[in-house]
Amino acid sequence: QVQLVESGGGLVRPGGSLTLSCAASGRIFSVNTMGWYRQAPGKEREMVATITSGGRTNYVDLVMGRFTISRIHANNTVYLQMSSLKPEDTAVYYCNADIWNMYGTKNYWGQGTQVTVSS
């Protein structure tokens, strides 16, 4: 059974920083694209940042220059370093990954971690 487990969410003041992490576990052959998405109350889930297995990154314009996505292949982990946080960054952040395992290549979601930016 493949699982994505996120950690690192919490409450932070505007202008502060926070780092999220997400580890994929289970019977995994390889992990392809990994990413972070977020969903604020009353809004649709949106892509925040993605990173391919080759290290190519993509960001939504709203976080460009403030957030950095990275990954460590050896332990199937993806990180999201967030700085200069704004109240509008408040949302539940979800990890996402395309994982190749014995059942083929499937897309998986983590359970989500709350990020609240407030003074």
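Presented here is a report on the structure given in the accompanying data block.

So, how was this worked out
- Residues numbered from 1 in each chain as written.
- Predicted model: local features only at pLDDT ≥ 70, side-chain atom pairs only at ≥ 80, totals over all residues.
- Heavy atoms only, no water.
- Helix = DSSP H or I, 4+ residues; strand = E, 2+ residues; numbered from the N terminus.
- Rg over C-alpha atoms; globule rule 2.2 N^0.38 Å.
- Buried < 20%, exposed > 50% of the residue type's maximum accessible area, 1.4 Å probe, protein only.
- Contact = heavy atoms within 4.5 Å.
- Areas by Shrake-Rupley, 256 points an atom, 1.4 Å probe, with all protein chains shown as cover.
- Patch = residues over 30% accessible without salt bridge, like charges linked within 9 Å, V, L, I, M, F, W, Y side chains within 5 Å.
- Salt bridge = Lys/Arg side-chain N within 4 Å of Asp/Glu carboxyl O.
- Polar contact = N/O pair within 3.5 Å; in protein donor to acceptor, adjacent residues only side chain to side chain.
- Pairing = 2+ DSSP bridges.
- Disulfide = S-S within 2.5 Å.
- Core = buried A, V, L, I, M, F, W, Y, C linked by side-chain atoms within 4.5 Å.

## Quick notes on the overall build of the protein chain
Scanning the protein chain from terminus to terminus reveals zero helices and eleven strands. Tracing the protein chain from N to C terminus, the helices and strands come up as β-β-β-β-β-β-β-β-β-β-β. For 119 residues, the compact-globule estimate of 2.2 N^0.38 gives 14 Å, and the protein chain sits close to it at 14 Å. The principal-axis extent of the C-alpha atoms belonging to the protein chain is close to 45 × 25 × 25 Å. Burial analysis of the protein chain (119 residues in total) assigns 40% to the buried set. Relative to all contacts within the protein chain whose residues are 6 or more apart in sequence, the contacts with residues 24 or more apart total 54%. For the protein chain, the computed accessible surface area is about 6400 Å², with 49% contributed by carbon and sulfur atoms.

## Examining a nonpolar patch on the surface
Where nonpolar side chains cluster on the molecular surface, the patch consists of Phe29, Trp100, Met102 and Tyr103 and spans about 520 Å² of accessible area. With respect to the helices, strands and loops of the structure, methionine 102 is situated in the loop between strand 9 (91–101) and strand 10 (104–109). Classification of methionine 102 by relative accessible area gives exposed; the value is 52%.

## Considerations on the side chain of aspartate 89
With respect to the helices and strands, aspartate 89 occurs in the loop between strand 8 (77–82) and strand 9. Here arginine 66 takes part through its side chain, which lies 2.8 Å from a polar atom of the side chain of aspartate 89. Not counting chain neighbours up to four residues away, the residues in contact with aspartate 89 comprise Arg38, Arg66, Phe67, Ser84, Val115 and Val117.

## Comments concerning the pairing of strand 11 (residues 113–117)
In strand 11, alternate side chains face the same way, and those of Thr113, Val115 and Val117 are buried while those of Gln114 and Thr116 on the opposite face are not. As paired elements, strand 9 and strand 11 share three bridges and run antiparallel to each other. Within the sheet, the bridge partner assigned to tyrosine 93 lies in strand 11 and is threonine 113.

## Remarks on the state of the cysteines
Per the counting criterion, the structure on display carries one disulfide. There is a disulfide in this structure between cysteine 22 and cysteine 95, and the S-S distance comes to 2.1 Å. Negative torsions about the S-S bond denote left-handed disulfides, and the value of about -80° found for cysteine 22 with cysteine 95 makes this one left-handed. With a gap of 73 residues between them, cysteine 22 in strand 3 (residues 18–25) and cysteine 95 in strand 9 connect regions that are remote in the sequence. Like cysteine 22, the residue cysteine 95 is buried in the burial classification.

## Some thoughts on the nonpolar core
Among the nonpolar cores identified, the biggest contains 32 residues, and Trp36, Leu80, Met82, Tyr93 and Ile99 are the most heavily contacted of them. Sequence-distant contacts of leucine 80, that is, excluding residues within four places in its chain, are made with Leu18, Thr19, Leu20, Trp36, Val48, Ala49, Phe67, Thr68, Ile69 and Tyr93.

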